[in-house]
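Chains, contacts and geometry: an overview
Given next are the chains, with one letter for each unit.
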Amino acid sequence: MSTQPAAADSLIRQIGRDLLSVGRVPLVLLALVLISALGVVYITHQSRQLVAQQEQLLIERDDLDIEWRNQLLEENSLAEHSQIETQAEKALDMKRPNAANEIVVQ
């Protein structure tokens, strides 16, 4: 019974020595494959985050475009002469001068 752990320990040492002496190329290749796989996972994650961010920015751009168009409509409606005249009459108590109050400067 006491010979089995020593044999297993010896086998593990032998496998380790073989990997370091004969199996260097496969070990290096294994490490490179693992590094490459982790790189692919990382790049895929980054690209998905960027695509999601791009979608969010496109939605924000569309919202801002809609808001800009609404602002243009509001500006045009407030700039109408009838609207300005109504505001002047109500807020400032202004009235259109009649012919008797007009002074012509030559």
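Now for a look at the structure at hand. (Residues numbered from 1 in each chain as written. Predicted model: local features only at pLDDT ≥ 70, side-chain atom pairs only at ≥ 80, totals over all residues. Heavy atoms only, no water.)

The secondary structure content of the protein amounts to three helices and zero strands. Tracing the protein from N to C terminus, the helices and strands come up as α-α-α. The C-alpha atoms of the protein give 41 Å as radius of gyration, which overshoots the globular expectation for 106 residues (13 Å, by more than 25%). (Helix = DSSP H or I, 4+ residues; strand = E, 2+ residues; numbered from the N terminus. Rg over C-alpha atoms; globule rule 2.2 N^0.38 Å.)

Quick look at unusual backbone geometry now. With a phi close to 55°, Asp-93 is a non-glycine residue in the positive phi region. Here Asp-93 is to be found in the segment after α3 (81-91). Residue classification places Asp-93 among the exposed positions, given a relative accessible area of 58%. (Buried < 20%, exposed > 50% of the residue type's maximum accessible area, 1.4 Å probe, protein only.)

Now for the environment of Arg-96. Among the secondary structure elements, Arg-96 is positioned in the segment after α3. Looking at Arg-96, the relative accessible area reads 66%, which means it is exposed. The sequence separation of Arg-96 and Glu-85 amounts to 11 residues, and the corresponding C-alpha distance is 9.2 Å.

A cluster of nonpolar residues, Leu-11, Ile-15, Leu-19, Leu-20, Leu-27, Leu-30 and Leu-34, forms a patch on the protein surface that exposes about 650 Å² of accessible area. When contributions to the nonpolar patch are tallied by element, the ones reaching two or more residues are α1 (3-21) and α2 (24-78). Of all the elements, α1 adds the most residues to the nonpolar patch, at four residues. Tracing the backbone shows Leu-30 in helix α2. By relative accessible area, which is 47% here, Leu-30 ends up partly exposed. (Patch = residues over 30% accessible without salt bridge, like charges linked within 9 Å, V, L, I, M, F, W, Y side chains within 5 Å. Areas by Shrake-Rupley, 256 points an atom, 1.4 Å probe, with all protein chains shown as cover. Salt bridge = Lys/Arg side-chain N within 4 Å of Asp/Glu carboxyl O.)

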